Amino acid sequence: MGFFNSGLFWFIEGILACLAVRGIKIWAEDRGLILRWWKWLYVFAWFTLAGFTLAFIGTSLGENEPIAALRGGILFGIITIILGVGGWRWLTLSKRKD
Amino acid sequence: MEKDKTKTTFSRRSFLKATGATSAVLGLGGLGFFGYQAGQDPSSYTGWKTFEGGDQNFPRHRFVVDKPPHEKVGPTRRVDPRSEIVFSRLPTLLLHWQKNPTPESLPQYLQDYYREHPEDLELDLYNVRELRPKLMADQQKYGRAFILAEAWSEAMGAVTPPQITEPPETADFPPRRSYFREEVPRPYKLKSPEKTSRLIKKITHELGATLVGIARLNPDWVFQYPIPGRGLDPSRPLEIPSHWEYAIVVGTPMSWDPMYANPNYGTSEDAYSISRIIAYRLAAFIKKLGYAARPHTPGYSYDLMVPPIMIDAGLGEQARSSIVITPELGPNFRAAVVTTNIPLKPDKPIKFGVESFCKTCKICAEQCPSGAITKGDKVVVRGYRKWQLHAAKCYNFWNSNLGNMGCRICISVCPYTRKANWLHRAALHLSSNDPTGLTHGALTKLQKIFYPGPNPQDYYIPSLGGKNASYRRPPWWLRTEDFIEFE
């Protein structure tokens, strides 16, 4: 049981998530983007996928399974990148017309 | 003044955006570190952290079924260990064959068995004539790599309870007199089977068991003949004593890191020893309450078959490899049984998707170097349809690999043999809760992509065309070459 498995770590993760959401909201406002709830859902889903990918790589390395880390990193990483680029295009399409 | 105010507002928003971006990066990075720690964390090796039952934590109540998932398809027959269990069969073969190398020299029951299973006679003879000399030669040439593994196994198996020397009518019951009391102890009146079951499970966990379950003993699982060293005459059929009403099953895991380095570095002795000691202690506890109790313990000191009793007791399901798979430990455990007449409430069996998973998976069959695990369907054995291990092939591989006795590759490679961290627990719950079986194929594919094993032939000794390979590298504390200087 180390820091990254502790309750404190998840508390800090929660704070970081709040700050990230706040940052995205301000960034969207400044760019004149309208983020409806389904777009927020997409953003959350993408971050979950990205987090899963990194956690998978870390877990596999921790388990001394470098092949799993490499192959999983490539497989999930490519999916994350594709969905990230696609999502970015989709999110930035609907600019507020004012 | 107006200009300054605008500038301040802009900076604040920029700051929040920068903080948000930094937080996102730190948060995602943190998950990577979380994963690394979860992967390394030794406390996620189920069974090696708590003596209080905390590791038996699968929500079994959601998967219970009324009847055990044994497929009875005809008249049943109890197993005859003298011929059907290779540990008994091979010594008898050796004994008689050395004197007179003809099938006619064998006891009638063995002649009958080999007539029905001619392939097993060939395999058994191959074992004693060819495998063992090859192994001896390879042991001298390559065996020193496994000195620490063998020492570890020796240490774990060093504590063994004495053999049972009296028949169940006396050995299973409390001693007739003690140092302090002359009278015969009577069974204490217990309040209810439910309460007693709860107590017995708590005690068993306190004794160190990772898993404990209770079943009503099905006579089909008791041997036809007793094996030597159990206080019974091995030449006479075993009559099931009436006090073998219930079976309490205990299970403990084999040490995880060596287990992944099977077949050479892992050992069964660690879990054998712990399960054995727990069973003897549990029997002593029950006897002290005035009831009968008899331990049936590994390596080979049983009057019954353990796997089907584990299934009856709701601890797991039978796998393709013929071993039981439990939700908490996968197949990585060794079990012992205590038969008793203390009134108990049996547990219900469970079905959590193993059968469906094993139908699609087949990794153990593909990785098994001896071909003992079938890639095909179930067959009827003694009146039950089941996946049947070809024990003679399996045992021949035991006798053709260096390091510790046994193999256990099927345990190492099984997708259920994984640490209890977020990743593998998620996979377990996904497969257990999928009634369609659709995820089973996907999880099997991922298992093969992420956790490949060596070529099965490489597990063999060099004189049989192998490379002494192990599924994974041994842990640092079993790498002999790092600690012992050889000239």
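Just so it is clear, the model here is predicted, and its values are computed rather than measured. (Residues numbered from 1 in each chain as written. Chains lettered and ligands numbered in written order. Predicted model: local features only at pLDDT ≥ 70, side-chain atom pairs only at ≥ 80, totals over all residues.)

Asker: Summarise the overall build of chain B; cite the residues concerned and give the values.
Answerer: Regarding its fold elements, chain B presents 17 helices and 9 strands. Relative to its full complement of 487 residues, chain B shows a buried share of 44%. Here the analysis covers contacts within chain B between residues at least 6 apart in sequence; of these, 79% occur between residues at least 24 apart. (Helix = DSSP H or I, 4+ residues; strand = E, 2+ residues; numbered from the N terminus. Buried ≥ 20, exposed ≤ 12 C-beta atoms within 10 Å, placed from the backbone. Contact = placed C-beta atoms within 7 Å.)

Asker: Which residues make up the domain arrangement of chain A, and what values go with them?
Answerer: Split into domains, chain A comes out as domain 1 (1-33) and domain 2 (35-93). Put simply, the middle of domain 1 of chain A and the middle of domain 2 of chain A, counted by C-alpha atoms, are 16 Å apart. (Domains from an automatic or database assignment.)

Asker: If you had to explain the sheet that holds strand 7 (residues 334-340) of chain B to someone new, which residues and values would you point to?
Answerer: All names here are of chain B. The sheet built from 4 strands is open, its strands ordered 2-3-7-4 with antiparallel pairing. Two strands bound the open sheet, and with one partner strand each, they are strand 2 (211-216) and strand 4 (293-296). Recorded for the sheet is a direction-independent mean angle of 20 degrees between the axes of neighbouring strands. When strand 3 (residues 246-252) meets strand 7, the two strands line up antiparallel, connected through 7 bridges. By the bridge assignment for strand 7, Tyr 246 is matched with Thr 340. (Pairing = 2+ DSSP bridges. Axes fitted to C-alpha atoms, helices over the stretch in contact; angles between N-to-C directions.)

Asker: Quick rundown of the pairing of strand 3 of chain B? Include the residues and the values.
Answerer: Residues and elements named next belong to chain B. Here strand 3 lies mainly inside the structure; 7 of its 7 residues are buried. Side chains Tyr 246, Ile 248, Val 250 and Thr 252 project from strand 3 onto one buried face, and the interleaved Ala 247, Val 249 and Gly 251 project onto a second face that is buried too. Direction of pairing for strand 2 relative to strand 3: antiparallel, over a ladder of 6 bridges. Its bridge partner being in strand 3, Ala 215 is matched across the sheet by Ala 247.

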